[in-house]
Amino acid sequence: MDTLIEFRRKMQDNLHVTTSIVSHMNQEEIITLIHELWIRQVELDIENEAFRHAQHELENSLQYYADLYNFAPMGYCAFYKDGILVNANATLADLLGVSRESVIHSSIFHYVVQDDQPLFQQYLQELFATKLPQYCELRLIHVSGSHIYVQLESRLRHDERYTGQCWMTVSNMTERKQTQEKLEGLVRQQSVELSMTAEQLREEAERRKRVGEALEETERQYRMLAQNVADGIGIIQDCRFVFANTALCLLFGLPEGALLEMNPLDVIHAEYQADVESILNEVEVSGASEPFLAQGIPSTGKTLWIEGEFRVMDWKERPAILLTAKDITEHKLHNIALEQEQKRLKKEITALKSSMKERYRFGEIIGKSAAMQEVYEQALKAAATDASVFIYGESGTGKELIARTIHDMSKRRDQKFVPVNCGAIPENLFESEFFGHRRGAFTGAIRDKQGLFAVAHKGTLFLDELGELPAAMQVKLLRVLDEGEFTPIGETSVKKTDVRIIAATNRNLEDLRRRKIVREDFFFRIHVFTITVPPLRERKEDIPLLLEYFVRRFSGKDAPPAIPGNILDALQHYDWPGNVREFQNVIQRYLSGQPLNLIETKKEETAKPRLMLDGKTRPKTGEFQEVMDDFEKKIILEVLEQHRWNKSKTAASLGIPRRTLYRKMERYGIM
Ligand SMILES: Nc1ncnc2c1ncn2[C@@H]1O[C@H](COP(=O)(O)OP(=O)(O)OP(=O)(O)O)[C@@H](O)[C@H]1O
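Right, let's walk through the structure included here. (Residues numbered from 1 in each chain as written. Predicted model: local features only at pLDDT ≥ 70, side-chain atom pairs only at ≥ 80, totals over all residues. Heavy atoms only, no water.)

Side note on the sheet that holds strand 2 (residues 85-88)
- The five strands lie next to each other as 2-1-5-4-3, forming an open sheet whose pairing is antiparallel. With partners counted over all chains shown, the strands left at the sheet margins are strand 2 and strand 3 (134-141), one partner each. The average undirected angle you get between the axes of adjacent strands in this sheet is 30°. (Pairing = 2+ DSSP bridges. Helix = DSSP H or I, 4+ residues; strand = E, 2+ residues; numbered from the N terminus. Axes fitted to C-alpha atoms, helices over the stretch in contact; angles between N-to-C directions.)

Observations regarding the packing of aromatic side chains
- Summed over all chains, the structure comprises 22 aromatic pairs.
- Arranged with centres 5.4 Å apart and planes meeting at 75°, the rings of Tyr64 and Tyr65 form a pair that is edge-to-face.
- Site record: aromatic cluster; members linked through ring pairs are Tyr549, Phe550, Phe554, Tyr574, Trp576 and Phe583.
- The ring of Trp305 has Lys332 lying over it, and the distance from NZ or CZ to the ring centre is 4.7 Å.
- Here the guanidinium or amino end of Arg513 rests over the ring plane of Phe523, the centre of that ring lying 4.8 Å away. (Phe/Tyr/Trp six-rings, centres within 6.5 Å; stacked < 30°, edge-to-face > 60°. Lys NZ or Arg CZ within 6 Å of the ring centre and 35° of its normal.)

Observations regarding the site of the ligand
- If you check the shell around the ligand, you find 21 residues, and the closest are Ile366, Ser395, Lys399, Asp464 and Lys647.
- Backbone polar atom of Gly398 to an oxygen atom of the ligand: 3.1 Å apart, as the coordinates give it.
- One of the side-chain N or O atoms of Lys647 is found 2.6 Å from an oxygen atom in the ligand.
- Summarising the interface, the protein chains cover 93% of the accessible area of the ligand, which totals 620 Å² for the free molecule.
- When the residues that make up the shell around the ligand are grouped by side-chain class, the tally is eight nonpolar, five polar and eight charged.
- Domain assignment of the residues forming the shell around the ligand places at least three in each of domain 5 (359-534) and domain 6 (559-667). (Near = heavy atom within 4 Å. Polar contact = N/O pair within 3.5 Å; in protein donor to acceptor, adjacent residues only side chain to side chain. Areas by Shrake-Rupley, 256 points an atom, 1.4 Å probe, with all protein chains shown as cover. Nonpolar A, V, L, I, M, F, W, Y, C, P; charged D, E, K, R; others polar. Domains from an automatic or database assignment.)

Considering the sheet that holds strand 9 (residues 304-315)
- Read from one edge to the other, the open sheet built from five strands follows the order 7-6-10-9-8, with strand pairing classed as antiparallel. In this open sheet, the two edge strands, each paired with only one partner strand, are strand 7 (240-244) and strand 8 (290-296). Averaged over all neighbouring strand pairs, the angle between strand axes comes to 35°, with direction disregarded.
- As paired strands, strand 6 (residues 232-237) and strand 10 (residues 318-327) are joined by five bridges and run antiparallel to one another.

Description of the nonpolar core
- Phe434, Phe453, Leu461, Leu463, Leu469 and Leu477 are the most contacted members of the largest nonpolar core, which has 31 residues in total.
- Counting residues per element, this core draws most heavily on helix 14 (residues 471-483), at five residues.
- Those residues within four positions of Leu461 in sequence are excluded, and the remaining contacts are Val418, Val420, Phe434, Leu452, Phe453, Ala456, Val499, Arg500, Ile501 and Ile502.
- The next biggest cluster of nonpolar side chains, apart from the first, holds 28 residues, and it includes Leu92, Leu95, Leu140 and Val150. (Core = buried A, V, L, I, M, F, W, Y, C linked by side-chain atoms within 4.5 Å. Buried < 20%, exposed > 50% of the residue type's maximum accessible area, 1.4 Å probe, protein only. Contact = heavy atoms within 4.5 Å.)

Printed below as a string of structure tokens:
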């Protein structure tokens, strides 16, 4: 505008000069001038037009820049140090949710979130102090109260026109911030998840490590176990041993590791190879475990029987077969021997049975009565087993003879038969008798003594007069029978024993059990097989046979003396309280020339001992002890007869303890 006024004034001056010039000009000159003026006019019009156009262009550009400022994608504002806004674009106003007019002249601090005020103040201080561009991020408040995350970039103007003014661009970061926050949240969450997963992974790894270690340990233990167990263990893969423990190698008499890479059939006896191979194949196909029994080929060349089992398993992630095997040679040979023994016994029994009806003797036992046939049959059955046998019968009926016969027919016949009269053992010596003792184990133990269990090892122990066994001893015997071992007195090491018990009594054992003289457990342990021997008076048909047997035995002649009919009659009519033992003694005495004297002995119950020393019976002269022993034996025999072989009464009558009588009877062979 000022330019136009200036222009007009200059033109008027020019016009005034021109008028004064024109007044001095001729017409031609004036026409030329007018023409020039006209041209000038045209030129000016053109210039004017160009100028107008330029102005228009300028106005357009101005509007464009104003719009560009106002509607720029980021907020702009300007303020002085006091924070009062002198300018702000529409974008900023929109950002704050207010009109542009209300922003201008308001304080910039008004729009900053309270918590971020210190930060903003610091930011401005830096800006005005350093006069260098500054950046920061903070939150502005929208008119709705919500927070807007913004990034500020401020510059301090130095140019003359705007000196001290701060121009600030405000970039809306809210969306980015939210996205960032969301992302951060996600990252945080994923980090947590990740860390949890990592923790889980770590725990899992730890667990796996532990499991691995445990597995390794278990594997080590199993390997150790497999190496050290008594049974042979092998693993077969592709028909080769890939593992064989020490026991398996030893089973075949091979050094450790020698079985590896060997075909298992190579150590099996040719006779059993096909069977074992087919079992192996079957196990592979069915997956079920299969037992087998075969003869092996040990390096020792001895007989080897093995019992084992094949079972499918995985070995180093491939199918394999686990072999467990044990040496049963002893057991097998024992069984074979037993089977042979049983066959032999069966044959014997059949042969015996076929002639049983007319059987007059059974081993050393004489008798053809039906009652004795029954005894023989029972004895045969007992001989075929190893079970305990209990023999009932009156004194002198032949219980020990039967026990001995059972032993002689049993599989133990090559071992000892050890008879023990329980009634003859002093109470305080039971333990020592049965278990033995070491020298000095107790007063009177002047030398080592083997006990009955050691003597009868593998044989038969005949416990006669079992009813005389003290209860405390029954407990001890029971333990030995159950455990198969005992410890001699004064020793610490246990000894093995394997004895068969045959027990006998002339008392009613059932009654003793009821009266608790015999313990229940002990009773049942030995009361497996029972045989009852009938008294002689109930089988008088056996008397002629017994007579013939004893006459032959005691006369010692090829042609035994004939026994008169009246003697046989007397023997038949007597009721034999002392049974076969008494019969045997009577015959022995008769053959030595003494009278039978049966009637007298029968009726005398309370008689005092009588001496029967006539000329014939007087003992031969000899050593004093011999004479005394002969004398004592005769007295005992006579008193036994007087008391019908009742040992308790005989002992009482003789004034000696029963156990002493037993011992004396044993000593003098009054058995
Ligand atoms: N049937 C028999 N045949 C031949 N001798 C027999 C017979 N029975 C018993 N004896 C003989 O009679 C004696 C006594 O037999 P044994 O000792 O076996 O009887 P016991 O029943 O055990 O007697 P105790 O109960 O007194 O111990 C022995 O010499 C025995 O040989």
